Structure formats: C-alpha cells, structure tokens
Amino acid sequence: MSKSYYQPEDLAKFGNINDWNPELGKKFFEYYQSVFQKGTLSEREKSLIALAVAHTIQCPYCIDAYTNDGLERGIEKEEMMEAIHVAGAIRGGASLVHTVQAMNIYNKLSM
C-alpha cells in the first residue's frame, strides 16, 4: 500500500521551517506562541477556535495538533464536535450565500 501525502510524524518536523530561513521562522513562532497565550480569550477557547478553523481549512496536521491540545486542556468531545459544527455551518453558509449572486444573474438574464 502506498503512503499517504499526509504523514502524522511530519507534524513534529514543523520547527524545521526555521532551517531555510531562521529569521522569519523565529518571528513566525514568536507570533504563533503569543497568539495562543491567555488574553481576552482563554487558552482553552483559543484551542477550540483553532480546532474549528483546522477543520475548515482541512489541515490534518492542525486537526491532530488541536485535538491533542484540546484533550490536554480537558475539552470534551462534545465541545469539540460543537465547535466543528459551528465551523461547518459557517463554511456551508458562506458557500450558499453566493446563491444570491447566481439568482440575481439568472433573474436578470432570463427576463
């Protein structure tokens, strides 16, 4: 069986992006770490947001990372699923709202 493009063990190599540009890699990771520190939102809330976004952008590495992070923060599976459904609803709605454009064009051209 052939290997998938996605390799779970590659997530641990994320820090290697510094290898090709240490200055920008350092800046990115400083920013990334600061974003996930407690602020107005808790680290737990940020983890749920990250998990929902990970599903929206369909990043398997992010899904793995923030499912694990959520488990470490005591986030229950029901909370994770609810956050994922929120992301799915927004993504679906964003697709469907463009129907208005199609309806406008159809109505204009079919008159």
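Quantities reported herein were computed from a predicted structural model and do not represent experimental measurements.

Enquirer: In this structure, what is going on with the confidence of the model for the chain? I would like to understand it.
Expert: Low pLDDT marks regions whose predicted coordinates should not be analysed in detail. The pLDDT averaged across the chain works out to 95; a share of 99% of its residues lies at or above 70. Averaged over each element, pLDDT in the chain is lowest for helix α5 (residues 99-109) (95) and highest for helix α2 (residues 43-57) (98).

Enquirer: Got a minute to help me understand the packing of α2 against helix α3 (residues 60-72) in this structure?
Expert: A pair of packed helices is captured by two measures, namely the crossing angle of their axes and the spacing between those axes. Interhelical geometry of α2 versus α3 gives an angle of 155° and a closest axis separation of 9 Å. Looking at the two axes, α2 sits roughly antiparallel to α3. Crossing of α2 over α3 shows left-handed handedness. Only C62, I63, Y66, T67, D69 and G70 of α3 make contact with α2, whose side of the interface consists of S47, A50, L51, A54 and H55. When its residues are assigned to classes, the contact of α2 with α3 shows six nonpolar, four polar and one charged.

Enquirer: Looking at this model, I keep getting lost on the nonpolar core. Mind explaining?
Expert: Generally speaking, soluble globular proteins have nonpolar side chains that are buried together. Grouped together as the largest cluster of nonpolar side chains are 10 residues: L48, A50, L51, A52, Y66, I75, M80, A83, I84 and A87. Those elements giving two or more residues to this core turn out to be α2 and α4 (77-96). With near-sequence residues (within four places) excluded, M80 lies in contact with L48, L51, T67, G70, L71 and I75.

Enquirer: Would you explain the pattern of salt bridges in this entry?
Expert: Close approach of charged atoms allows side chains of opposite charge to pair. Enumeration according to the criterion identifies six salt bridges in this entry. K27 is paired through a salt bridge with E23; the nearest N and O atoms lie 3.3 Å apart. Pair noted here: K27 and E23 are both in helix α1 (residues 22-35), with a separation of four residues, about one helical turn. By relative accessible area, K27 is classed as partly exposed at 47%. When its relative accessible area of 53% is taken as the criterion, E23 is described as exposed. Between K26 and E30 there is a salt bridge, with the nearest N and O atoms lying 2.7 Å from each other. One end of the pair, K26, and the other, E30, are both in helix α1, four residues apart, so they sit about a helical turn from each other. The class for E30 is partly exposed, based on a relative accessible area of 43%. Salt bridges here are not isolated pairs; linked through shared partners, they connect E43, D69 and R73.

Conventions adopted
- Residues numbered from 1 in each chain as written.
- Predicted model: local features only at pLDDT ≥ 70, side-chain atom pairs only at ≥ 80, totals over all residues.
- Heavy atoms only, no water.
- pLDDT = per-residue confidence, 0-100.
- Helix = DSSP H or I, 4+ residues; strand = E, 2+ residues; numbered from the N terminus.
- Axes fitted to C-alpha atoms, helices over the stretch in contact; angles between N-to-C directions.
- Parallel < 35°, antiparallel > 145°, perpendicular 65-115°, else oblique.
- Left-handed = near helix turned anticlockwise from the far one by under 90°.
- Contact = heavy atoms within 4.5 Å.
- Nonpolar A, V, L, I, M, F, W, Y, C, P; charged D, E, K, R; others polar.
- Core = buried A, V, L, I, M, F, W, Y, C linked by side-chain atoms within 4.5 Å.
- Buried < 20%, exposed > 50% of the residue type's maximum accessible area, 1.4 Å probe, protein only.
- Salt bridge = Lys/Arg side-chain N within 4 Å of Asp/Glu carboxyl O.

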